[in-house]
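# Summary of the model geometry
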Amino acid sequence: LQLFSQLTNWFMFFCCTRTLSNSLETVLTIVSLYYWPCMRVRGKISSSSRKWALAIAALACAVRPTSAVVWIYVGLIELFVASDRLKFVFLEAAPIGGAVLAITCLLDRMIYGSWIVVPFNFLKFNFFSSGGDYYGTHPWHWYFTQGFVVMLFTYLPFFISGFIYSKYWKLSSLVGWVIGIYSMLDHKEFRFVLPVLPVALMFSGYSLAALDTTDLLMGKSQRSSITPAKWPSKLHIAVFFLLATNIPLGLYMSLVHQKGPEDVMHYLAREALKGEVRSVLFLTPCHATPYYSALHQNLPMHFLDCTPSEQRRIPDESDRFMLDPNSFVSEFAKNWSLPSHIVLFNSEERKLKDFLSIQSFREVKRFFHAHFKVDRDLQSSIVVYQYTG
């Protein structure tokens, strides 16, 4: 039932094929937690288990330095319960962590051509200088009242029930610790707390299993020795309810909602193969499409810049365009290399109809994007204009 919870949660289905670094961090987190002696309830633990846990945890931090939020918590627990604390710190944690850091620094040296500690720069930008705030901010309680609640969706009551009845405070406190730390940052995203979603769903699985026996509901640790011939009606209802709510939402969010950018790039890729595309200008919020990863053609393309500035009061290209599309494109067109295609959302298209007509662009394709707005005005469709002059 814990595996069932993982496989049918809508957000796991939606997110794990998209933000690959967060997904890899999540997998490494769960694998490492399995090997940590201090996090296990029962089972034989080999002498090398903690070393494996440390190596995988260090790799998770190399992938995303913010993963350290998880391992600070776990490391403190290990220090508290371990009898060989000095060995843990000086003969295991320090050498393994140092080795992984050295390897990542060497790889970065090969790529950048100079010595750069990327994890430090990552933490400096996101934590110490609040650079992430440039991309939007949320109230401190967002994860508790919206973010993590939406991720759990209909699994939320089962998570709360499993949290209460399992009494396994180490894992449940880990969820609270991670969400609490990330709540201190103004910039928040669903994917930041993805590594603890599988942990929360474990409690949901425990709660579902508890429906199979009154013993667990009363807080006992052992299941009844009598196996029922069929699932109890409560479990039947719970499983049907979770499937009926999570599968449609997962499919909708994965196949329908905000699918326009991918459809646009696939269309442009087909047209490029025919020799119909010379260059593309994206008059959209920055990073709105998969870009070259979906085009697979060596063609000039340009999207509006949103590089963070040290002087954050200065709006970037994307900000200026969204504030006043007409003024921005009129100025932008004075120095542009005339594109063969322009891509924009319908919410901005309405404001640029006259400009596009004057510049001899006509609509050639329109793709559905979304039924409802998320973080900006409704962008129900995304449109491709082609130069006809």
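Residues numbered from 1 in each chain as written. Predicted model: local features only at pLDDT ≥ 70, side-chain atom pairs only at ≥ 80, totals over all residues. Heavy atoms only, no water.

### What about the overall build of the protein chain?
A count of helical and extended segments in the protein chain gives 19 helices and five strands. With the C-alpha coordinates of the protein chain rotated into their principal frame, the extents come out at 80 × 55 × 40 Å. Relative to its 389 residues, the protein chain shows a buried fraction of 42%. Contacts in the protein chain between residues far apart in sequence, at least 24 positions, make up 71% of those at least 6 positions apart. (Helix = DSSP H or I, 4+ residues; strand = E, 2+ residues; numbered from the N terminus. Buried < 20%, exposed > 50% of the residue type's maximum accessible area, 1.4 Å probe, protein only. Contact = heavy atoms within 4.5 Å.)

### As for the pattern of salt bridges
Counted according to the given criterion, the structure contains eleven salt bridges. Residues Arg191 and Glu189 are paired through a salt bridge, measuring 2.6 Å at the closest nitrogen-oxygen approach. Each of Arg50, Glu78, Asp84 and Glu92 takes part in one network of salt bridges that share partners. (Salt bridge = Lys/Arg side-chain N within 4 Å of Asp/Glu carboxyl O.)

### Observations regarding helix α9 (residues 156-166)
For α9, every residue scored as buried is listed here: Phe158, Phe159, Gly162 and Ser166. Down the axis of α9, the buried side of the element spans an arc of 100°, and every buried residue falls inside it. On its buried side, α9 packs onto α8 (142-152), α10 (169-183), α11 (197-210) and α13 (233-255). Immediately downstream of α9, the backbone of Lys167 shows phi near 60°, a positive value. (Arc of directions from axis to C-beta.)

### Focus: unusual backbone geometry
One non-glycine residue, Gln258, adopts positive backbone phi at about 55°. Take Gln258: it is sitting in the loop between α13 and α14 (260-273). Judged by its relative accessible area of 38%, Gln258 falls in the partly exposed class. Here the phi dihedral of Tyr291 falls at roughly 60°; this positive angle occurs in a residue that is not glycine. Within the secondary structure layout, Tyr291 lies in the loop between β1 (280-283) and α15 (292-295). On the accessibility criterion, Tyr291 (17% relative accessible area) is buried.

### Points about α11
For α11, spanning 14 residues, the distance from its first C-alpha to its last is 20 Å, which sits close to the expected 20 Å at 1.5 Å a residue. What α11 keeps buried is the set Leu197, Pro198, Val199, Ala200, Leu201, Phe203, Ser204, Gly205, Ser207, Leu208, Ala209 and Ala210. (Expected span 1.5 Å × (residues − 1).)

### Quick word on the sheet that holds β1
The strand order β2-β1-β3-β5-β4 describes an open sheet built from five strands, whose pairing is mixed. Taken across any chain shown, the strands that pair with only one partner, and hence form the sheet edges, are β2 (301-303) and β4 (361-368). With strand direction ignored, the average angle separating the axes of adjacent strands in the sheet is 20°. (Pairing = 2+ DSSP bridges. Axes fitted to C-alpha atoms, helices over the stretch in contact; angles between N-to-C directions.)

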